[in-house]
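# Per-entry structural report
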Amino acid sequence: MIWEAELRKTQAVTSCKDESKVKKMRILCNRRDGRRKVGKLRDLKGPERLLVKTEENSVIPYFDCDDIRCSQFGNISHMGIPFIERFGVAEGVTYIARMYVNLERSCDNDAFATSVAERHFPSLNVSLRKAVQNPLLVSERTPVGWQASKPLDDPKSTVKLSYCRLVLHYLEWLAAVEELATLDEKRRLKLASMHVIPLLLLTISFNTFKHKSARLLLCNGFFFLQEKQQSSDKHCDVIEMIVNELEKNIVNKFRELDVCEEEYVLLKLVLLFTHKESLGEESNELMIRLRDKYVQILLQYVKQSQKDCSVEKTINRMSSFFELLSSLNKISEMVELCLVHIVALDIAGMRGELTFDLHLREHW
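As recorded in an unreviewed UniProt entry, the chain goes by the name NR LBD domain-containing protein, listed as coming from Haemonchus placei.

What follows is the structure in structure tokens.
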């Protein structure tokens with residue numbers, strides 16, 4: 001296959017010693033200047049999939065607090081949102097939020113587990129195109145299992161299983177976002193590959209907060225150990241670093257803000273429609289409109305759900321949400337680089353057509 005040939009070419013790029021790779025990862029994690037290069041692994045992705053972006057391309061500049069202070073909350077009623085036109089602003093916003101909360105729980109599948117006999121094992125030998133059309137090709141639809149029950153002693157033994165179940169969760173959720181139907185297949189696939197890491201990290205982090213876990217949760221009942229794992233595997237340092245960053249900057253922020261499920265699902269939609277790369281002029285305009293739509297819905301929900309909440313407090317809460325997304329994007333860049341390395345070297349059996357499409361493919 002073409003993707004296998006391209007992966008074989010990338011192995012030459014990543015043939016440096018393990019210790020050197022870890023050192024580069026540490027430099028990436030600790031640096032402040034986003035314009036620095038990330039080492040030879042940058043060559044595994046084309047210019048359209050840059051791993052490091054300047055601050056101007058982060059989420060924050062799209063959110064203008066001063067503009068919202070000057071606007072009227074009632075403006076959302078003129079955005080042509082069917083539920084709001086039918087039920088009014090307050091009930092319409094609540095209905096939309098609850099609809100996406102129910103979707104999230106359906107993707108978790110913790111209440112109603114189904115089993116497909118021939119899909120008991122995870123599979124990466126499927127293209128993203130086919131996976132989007134039928135997510136069950138990736139994994140069986142088992143309960144996602146957010147409750148912490150098993151320490152993650154050996155990440156390599158569970159990474160493929162957990163990855164496939166989380167990707168299934170993501171693809172099922174993505175399929176239910178009806179606005180994506182307006183994009184052609186090429187742009188839907190590009191959007192899916194661009195946002196898989198930040199959206200999965202947001203999902204993991206929120207559920208860690210929701211289930212009151214002291215350490216970061218993974219699906220299938222796994223949680224990361226409190227103490228640093230003693231292992232000769234150089235990748236453990238990188239994993240520990242990423243876990244600590246998520247706990248410190250994302251999970252703790254969820255705790256500080258005491259984020260409710262409705263706010264989380266709306267924030268997830270804002271993140272989905274915050275595009276980092278061009279999808280074409282017409283699609284870019286659509287993405288901006290959809291992002292503004294869900295920013296306004298989230299803003300209205302925060303306003304009406306916080307009792308005795310002043311406009312200033314509402315704006316401050318919204319600003320905190322977007323600071324969280326900015327931090328998440330930076331961590332996502334580290335995770336993306338780590339996955340490029342893992343897929344290229346076929347660590348833990350993670351090389352496959354799906355992971356190539358999601359993390360290595362340059363063009364659609």
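The method is simple in principle: a probe with the dimensions of a water molecule rolls over the atoms, and the space it marks as empty is what remains. Within the structure shown, the criterion is met by 3 cavities of 30 Å³ or more. Estimated volume of the second largest cavity: approximately 60 Å³. Val101, Glu104, Arg105, Asp108, Phe206, Asn207, Lys210, Glu261, Tyr264 and Val265 are the residues that line the second largest cavity. Of all the secondary-structure elements, those providing two or more residues to the lining of the second largest cavity are helix 5 (89-108), helix 8 (185-210) and helix 10 (261-272). Here the lining of the second largest cavity takes 4 residues from helix 5, the largest share from any one element.

To continue, consider the packing of helix 5 against helix 7 (residues 155-175). Direction vectors running N to C along helix 5 and helix 7 enclose 145 degrees, while the axes themselves pass 9 Å from each other. For the crossing formed where helix 5 meets helix 7, the hand is right-handed. Packed against helix 5, whose contacting residues are Leu103, Glu104, Cys107 and Asp108, the element helix 7 presents Arg165, His169, Glu172 and Trp173 at the interface. In terms of residue class, the contact of helix 5 with helix 7 is built from 3 nonpolar, 1 polar and 4 charged.

With that settled, consider the pattern of salt bridges. Inspection of the entire model under this criterion finds 13 salt bridges. Across the pair arginine 105 and glutamate 261 runs a salt bridge whose closest N-O atoms are separated by 2.5 Å. Within this pair, whereas arginine 105 is found in helix 5, its partner glutamate 261 is found in helix 10, the two being separated by 156 residues in sequence. Here glutamate 261 falls in the buried class, since its relative accessible area comes to 18%. Among the salt bridges present, the one from lysine 210 reaches glutamate 261, with a minimum N-O distance of 3.1 Å.

With that settled, consider the side chain of asparagine 109. Mapping asparagine 109 onto the fold places it in the loop between helix 5 and helix 6 (128-133). A polar atom in the side chain of asparagine 109 sits 2.7 Å from the backbone oxygen of arginine 141.

Here isoleucine 204 shows up in helix 8. Owing to a relative accessible area of 8%, isoleucine 204 belongs among the buried residues under this scheme. Ignoring sequence-local partners within four residues, the contact set of isoleucine 204 consists of Trp146, Leu166, Leu216, Leu217 and Leu218.

It is worth spelling out the packing of aromatic side chains at this point. In this structure the tally under the stated criterion is 9 aromatic pairs. Aromatic side chains phenylalanine 83 and phenylalanine 87 sit 6.5 Å apart centroid to centroid with 20 degrees between the ring planes, which places their arrangement in the stacked category. Linking phenylalanine 83 with phenylalanine 87, this pair stays in helix 4 (residues 82-87), spanning 4 residues, or about one helical turn. Given the relative accessible area of 33%, phenylalanine 87 is considered partly exposed. By way of ring pairs, the aromatic residues Phe206, Phe209, Phe254 and Tyr264 are connected into one cluster. One cation-aromatic arrangement involves lysine 150 over phenylalanine 222; the distance from NZ or CZ to the ring centre is 4.5 Å. Over the ring of tryptophan 173 we find lysine 268; its NZ or CZ atom is 4.6 Å from the centre of that ring.

Let us look at unusual backbone geometry. For asparagine 220, which is not glycine, the phi torsion reads 60 degrees and is therefore positive. For asparagine 220, the position within the fold is in the loop between helix 8 and strand 2 (222-223). Residue classification places asparagine 220 among the buried residues on the basis of a relative accessible area of 17%.

Direction vectors running N to C along helix 11 (residues 281-305) and helix 12 (residues 311-344) enclose 130 degrees, while the axes themselves pass 10 Å from each other. One finds that helix 11 runs oblique with respect to helix 12. Between helix 11 and helix 12 lies a crossing of right-handed hand. Contact residues: Arg291, Val295, Leu298, Leu299, Val302 and Lys303 in helix 11; Thr314, Ile315, Arg317, Met318, Phe321 and Phe322 in helix 12. Class assignment of the residues belonging to the contact of helix 11 with helix 12 gives a composition of 8 nonpolar, 1 polar and 3 charged.

Definitions and cut-offs
- Residues numbered from 1 in each chain as written.
- Predicted model: local features only at pLDDT ≥ 70, side-chain atom pairs only at ≥ 80, totals over all residues.
- Heavy atoms only, no water.
- 1 Å grid on protein atoms, 1.4 Å probe; cavity = no way out; pocket = protein on both sides within 12 Å on 5 of 7 lines; lining within 4 Å.
- Points joined across faces, edges and corners; volume = space filled by probe spheres on them.
- Helix = DSSP H or I, 4+ residues; strand = E, 2+ residues; numbered from the N terminus.
- Axes fitted to C-alpha atoms, helices over the stretch in contact; angles between N-to-C directions.
- Left-handed = near helix turned anticlockwise from the far one by under 90°.
- Contact = heavy atoms within 4.5 Å.
- Nonpolar A, V, L, I, M, F, W, Y, C, P; charged D, E, K, R; others polar.
- Salt bridge = Lys/Arg side-chain N within 4 Å of Asp/Glu carboxyl O.
- Buried < 20%, exposed > 50% of the residue type's maximum accessible area, 1.4 Å probe, protein only.
- Polar contact = N/O pair within 3.5 Å; in protein donor to acceptor, adjacent residues only side chain to side chain.
- Phe/Tyr/Trp six-rings, centres within 6.5 Å; stacked < 30°, edge-to-face > 60°.
- Lys NZ or Arg CZ within 6 Å of the ring centre and 35° of its normal.
- Parallel < 35°, antiparallel > 145°, perpendicular 65-115°, else oblique.

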